[in-house]
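# Examination of the molecular architecture
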Amino acid sequence: MKTSIREKLEQLSRRKAEIDALLGDEAATRDMDGYRRLNREHAEIEPVVSLYDAYRTTENDFASARGMLADAEMKALAEEEMAACAANLLAIDAQLQTALLPRDPNDDKNLFLEIRAGTGGEESALFAGDLYRMYSRYAERQGWKVEQVSASESDLGGYKEVIVRIVGNGAYSKLKFESGGHRVQRVPETEAQGRIHTSACTIAVLPEVDAVGDVDINPSDLRIDTFRASGAGGQHINKTDSAVRITHIPTGIVVECQDDRSQHRNKAQAMSVLAARIKDVQVREQQQQIASTRKSMIGSGDRSERIRTYNFPQGRITDHRINLTLYKLQMVMDGDLDEVVAALTAEHQAELLAALAG
C-alpha cells in the first residue's frame, strides 16, 4: 500500500474515533443539526475504516505466518497462510482505493435533462425526439420518474427543445456523462434519394439544486412573464395565462414552464430549473479555474463537444471519449444504456484512481 494512502486511512481512523467519542457524549443531542452532521460523516467513513481494520489484521496474520517459517514442521502451513493473506491484502487494497475515491456530492440527486436540436434542421429535431424516448425508456428501466418541464415541438413530430426532470435514486450519477454533442448518421424519412445525412443534438444534464435558496438569486434580477400555454391541454389551458417565462437578467438565462395548469406550480418548476442552470454555470467557472492540464478522460462535458455518434446504417454507436463501439444501436435506442453507462463510470473511476495513486 502506498504511504500516501496509508496516511489518509490513518487520518480517517483517528477521525472516526473522535466522532465516536463526540456521539457518545450525553450533550451530543443538544445541537441536533451538529448531531446529524456527525452521524452522516460517521456513516461515510465507517465502511472505509472497517476495510482498513481488516487490512491491518491481515497484515498481522501475514507477519505471524512468516514468523513460523523457521519451524520445519510448520513451514508448509505458514507458506499456505502467507499466500492466502497476500491474496486478501491485494483484494482489500483494491477495495480501499475505490472507497477513497472523491465522491461527487451530486450523485444521489435528481436531474434536469435538456435536449436541443442542433445542425440538421427537421432531422435533428426528429433525432432529439428519439433521444428523449431513449432516456425515458432508460429511466423506466431504472424505476425513475420522468416529468416533462417544457417542450417545443417541430413540424414533423420531433422536438426543437425538450426539458425533463428525472427523479430517482442515483439518477445523476448514471446520466451525468451524457452532456455534450450527440451526432446521428442515417437516411432521413424525408430523403427520397436514400442518402445518409448527418445531424446533431446537444444534451445538458444538470443536477437538481436541493433548494432554490442554495443559489443566490436576487429577485430584482428576474423578469417574470406569464402567457397562455400552447399545444394540447383543453379549454382551461387556452384561456388562462398559466405558462411562466423567467429571465435571469445578469446571465441571460431564460426558462419557460407550461406543463402544469397551475401558474404557481409552473413558476416553482421554472425557478428550480433556473437555479440548476445558474448552479451549473457557477460550477463550470470553478472547474475552469482549478482544472489541471490533463483533460478528464470522459470529456469536459462542454455542450459543443461531440461525445457520441449513432450510425444507423451500420447499427453502431460510438462514444468518442473512451473509444467504445457497440453494435447494438437499436437496443440502446430502446433504453438499454447500461453497458455505455458502466463503461463511462469505469473509465472515470480509473482516472480518479490514477490521480489518487499519483
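Up top you'll find the structure we're talking about.
As the structure is a computational prediction, the values presented were derived from the model and not from experiment.

About the criteria used
Every chain begins its residue count from 1, and numbering advances along the sequence as written. For this predicted model, a pLDDT threshold of at least 70 governs which residues receive local features, and a threshold of 80 or more governs which side-chain atom pairs are given and counted, while totals over whole chains, interfaces and linings are taken from all residues. Note: side-chain values were computed over all heavy atoms of the structure, leaving out hydrogens and water. Only runs of H or I of at least four residues qualify as helices and only runs of E of at least two qualify as strands under DSSP, and these elements are numbered from the N terminus. A 1.4 Å probe rolled over the protein chains alone gives each residue an accessible area, and that area as a share of the maximum for its type sets the label: buried under 20%, exposed over 50%, partly exposed in between. Contacts were defined at the residue level, with two residues in contact if any of their heavy atoms lie within 4.5 Å. Any two strands with at least two DSSP bridges between them are considered paired. For helices, the fitted axis covers only the stretch in contact; all axes are lines through C-alpha atoms, and the angles between them, taken along N-to-C directions, range from 0 to 180 degrees. Orientation is classified from the angle alone, with under 35 degrees giving roughly parallel, over 145 giving roughly antiparallel, 65 to 115 giving roughly perpendicular, and any other angle giving oblique. Helix crossings get a hand from a simple test, with the near helix turned counterclockwise from the far one by less than a right angle marking a left-handed crossing and a clockwise turn marking a right-handed one. Following the grouping adopted for this structure description, the nonpolar residues are Ala, Val, Leu, Ile, Met, Phe, Trp, Tyr, Cys and Pro, the charged ones are Asp, Glu, Lys and Arg, and the polar ones are all others, Gly among them.

## Quick notes on the overall build of the protein chain
Within the protein chain, the secondary structure is distributed over 9 helices and 11 strands. Classification of the 358 residues of the protein chain by burial places 41% in the buried group. For the protein chain, the share of sequence-separated contacts (at least 6 apart) that also reach a separation of at least 24 residues comes to 61%.

## Considering the sheet that holds strand 8 (residues 253–257)
Taken together, the 3 strands give an open sheet; going across it, the order is 6-7-8, and neighbouring strands pair in antiparallel fashion. The outermost strands of the open sheet, each flanked by one partner alone, are strand 6 (222–227) and strand 8. The sheet shows a mean angle of 15° between the axes of neighbouring strands, direction not considered. Here strand 7 (residues 243–248) pairs with strand 8 via 5 bridges, running antiparallel. From the neighbouring strand, Val244 faces strand 8, where its bridge partner is Cys257.

## Focus on the packing of helix 1 (residues 3–24) against helix 2 (residues 32–67)
With their axes 8 Å apart at the nearest point, helix 1 and helix 2 run at an angle of 130° to one another. The angle between helix 1 and helix 2 falls in the class oblique. For the crossing formed where helix 1 meets helix 2, the hand is left-handed. Class assignment for the residues of the contact of helix 1 with helix 2 results in 12 nonpolar, 3 polar and 9 charged.

## A short note on the packing of helix 2 against helix 3 (residues 75–99)
Packed helices, taken two at a time, are described by the angle their axes make and the gap between the axes. Closest axis-to-axis distance for the helix 2/helix 3 pair is 9 Å, and the angle between their directions is 160°. Classified by the interaxial angle, the pair formed by helix 2 and helix 3 is roughly antiparallel. Crossing geometry of helix 2 relative to helix 3 is assigned as left-handed. Together, Val48, Leu51, Tyr52, Ala54, Tyr55, Thr58, Glu59, Asp61, Phe62, Ala65 and Arg66 of helix 2 and Ala78, Glu81, Met82, Cys85, Ala86, Asn88, Leu89, Ile92, Asp93, Gln95, Leu96 and Ala99 of helix 3 make up the contact between the two elements. Looking at side-chain class alone, the contact of helix 2 with helix 3 contains 15 nonpolar, 3 polar and 5 charged residues.

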